[in-house]
Amino acid sequence: MNGSNRIEPKTLKGFRDYLPEAMIPREWLIDTARRVYRSYGFSPIDTPALEYLEILTGKGSEETDKQLYKFQDHGGRWVGMRFDLTVPLARFAAQHIAQLGTPFKRYHIASVWRGENTQRGRYREFMQCDFDTIGTHALAADIETTLVIHDLFQALQIRDFTIKVNNRLVLTGMLELFGLAEKATPILRALDKLAKIGREKVAAEMVAAAGATPEQADRVLQLSEISGTNDQVLSQLGQLVEGREKAQAGVAKLADLVSAVLAAGIENERVRITPSIARGLDYYTGTVFETFLDKLPGIGSVCSGGRYDNLAGLYTKEELPGIGASLGLDRLLAALEELQLVQKVGTPAAVFIPFFDANRLHDYLRLAAQIRAVGVGVEFYPEPKKLGQQLKYADRRGFRLAVIAGENEFAASTCQIKDLATAQSTTVPLADVPKAIVEQLQR
RNA sequence: GUGGUUGUAGCUCAGUUGGUUAGAGCACCAGAUUGUGGAUCUGGGGGUCGCCGGUUCAAGUCCGGUCAGCCACCCCA
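Definitions and limits used
- Within each chain, residues carry numbers counting from 1 in the order of the written sequence.
- Naming scheme: in the order in which they are written, chains are lettered from A and ligands are numbered from 1.
- Local features in a predicted model are, by the rule used here, given only for residues with pLDDT of at least 70; side-chain atom pairs are given and counted only at 80 or more, and totals for whole chains, interfaces and linings are based on all residues.
- Each side-chain value is worked out from all heavy atoms of the structure, with water and hydrogens disregarded.
- Only protein chains enter the area calculation, which uses a 1.4 Å probe; residues under 20% of their type maximum are buried, those over 50% are exposed, and those in between are partly exposed.
- Helix and strand labels come from DSSP, where a helix needs a run of H or I of at least four residues and a strand needs a run of E of at least two; each type is numbered from the N terminus.
- For two strands to be treated as a pair, DSSP must find at least two bridges joining them.
- For this analysis, a nonpolar core means a set of buried residues of the types Ala, Val, Leu, Ile, Met, Phe, Trp, Tyr and Cys, connected via side-chain atoms within 4.5 Å.
- Contacts were defined at the residue level, with two residues in contact if any of their heavy atoms lie within 4.5 Å.

(A) Main features of the pairing of strand E6 (residues 125–134). With nine of 10 residues buried, E6 lies mostly within the body of the structure. Sheet topology places strand E5 (residues 104–113) next to E6; 10 bridges connect them, and they run antiparallel. By the bridge assignment, Ile 109 is partnered in E6 with Cys 129. Note: E6 against strand E11 (residues 322–328), seven bridges, orientation antiparallel. Following the sheet pairing, Phe 131 is matched in E11 by Ala 325.

(B) Representation of the nonpolar core within the structure. Counting residues in each nonpolar core, the largest one holds 74 residues, and the members touching the most others are Tyr 37, Phe 153, Met 206, Leu 293, Leu 327 and Leu 332. Phe 153 has contacts with Ile 158, Phe 161, Thr 291, Leu 293, Val 302, Cys 303, Leu 327 and Leu 332, leaving out every residue within four places of it along the chain. The next biggest cluster of nonpolar side chains, apart from the first, holds 33 residues, and it includes Ala 350, Leu 367, Phe 380 and Cys 415.

(C) Quick look at unusual backbone geometry. Note that the residue after Thr 102, namely Pro 103, is joined by a cis bond; omega there is -5 degrees. Assignment of secondary structure puts Pro 103 in the loop between helix H4 (86–100) and E5. At Glu 269, a position not held by glycine, the phi torsion is positive, near 70 degrees. You can see Glu 269 is positioned in the loop between helix H12 (245–263) and strand E8 (271–273). Positive phi, normally seen in glycine, also occurs at Ser 413, with a value near 55 degrees. Structurally, Ser 413 is set in the loop between helix H16 (407–411) and strand E15 (414–419).

Put into structure tokens, the structure is as follows:
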């Protein structure tokens, strides 16, 4: 119209840019998860963002099919973007497990895509931080998974969290007793919403969507409403499952898991047996987890997972049992922000060096290098602007220290180290700068 | 995908029943202050009112569509 053919800069619905203030805590979270996973011997893997469509739709519920980004590539192949990290893991395991051997422990931190409608904290591109142990039925893996979740939140400096744990065997065993075995999936999906929508609505959904009778729904809800300390829950469950082999096995596993986790040093009641935890996904067959922040229960589970008997059945005859969990990165980040546990900074470096004396470029560069050599990040301002402006820049970005040296300081072979939060500065000999900075930052 | 709701400067918003050159605060840039930031004062830059179309002498304001955000359903991380 007016001759302007500039393209409007914008991001796709459900896709986001991350500015430094958002990306710095994000990377911190990812780094922390990575460190904890690695400390238990989980190894990193990655897989392609695109897979053959048939790989992704293999076990396709209609719901995931609807959310799947799919298209034909330039060679006419039908391809899709991964919508979680579990399906790629299944394909990966089927393809490579012979070389890797079992048990195989991996972590996978990567973006996934779902073309569903957006909402706060729910996007079309988001990141998952999964870890899984595959190729073993041993309860020790379930126990270790619990410990990893615990250590993860500990490392994130979150104090008030609860890992709720249950075992699908208890639920499915009892559903058999109630005559609901074939309706297990919709029943459990309804049960999964108990905390969110309440007893009445769950019962209604069990009747409407799963075809249970009101009496059956009531029995399931009674089971799920058992609460108390772990010992109390275990003893009540124990009575209820009397004579039901499968459910009994589930209760026994819960008891073993809790006692092992206590023996490993986790605080009592940090892990709570919660019979209502079901998880919507139908591939879980044993232990299931959900992790809640005590101060923000409304936000939902921030780390969930469970045990499955046969991960890769679609792709291989080999039976691969496993257990794992996934950290909900975006949800947790939103929670941390709400709890004010992330501080907003616009720089990853701690030290700022203003370009003060236009003739001393080489000296500044050398000074910066010496500070970096002791492991401290340094940003050097590129233009010899007025000092006040440079300090204003440093202040806004959130640097902790400024190392200021001009003509006078260089003449005396010294410089000022200024704490930008307190405005106090000290003069130190140039040769001692790296050491002095490390000391100041440790305070 | 369905329903509801919102959309004016980088951010938060104002803008009378449609009526001239669309405002404020914060932020940004410059100066007051040619070696010391977060305060103050002065000046400055920045908007085709999300986009497209319609009604009208006249549209930021009314209507339709579209895109995007938020909320609910669905499902989940």
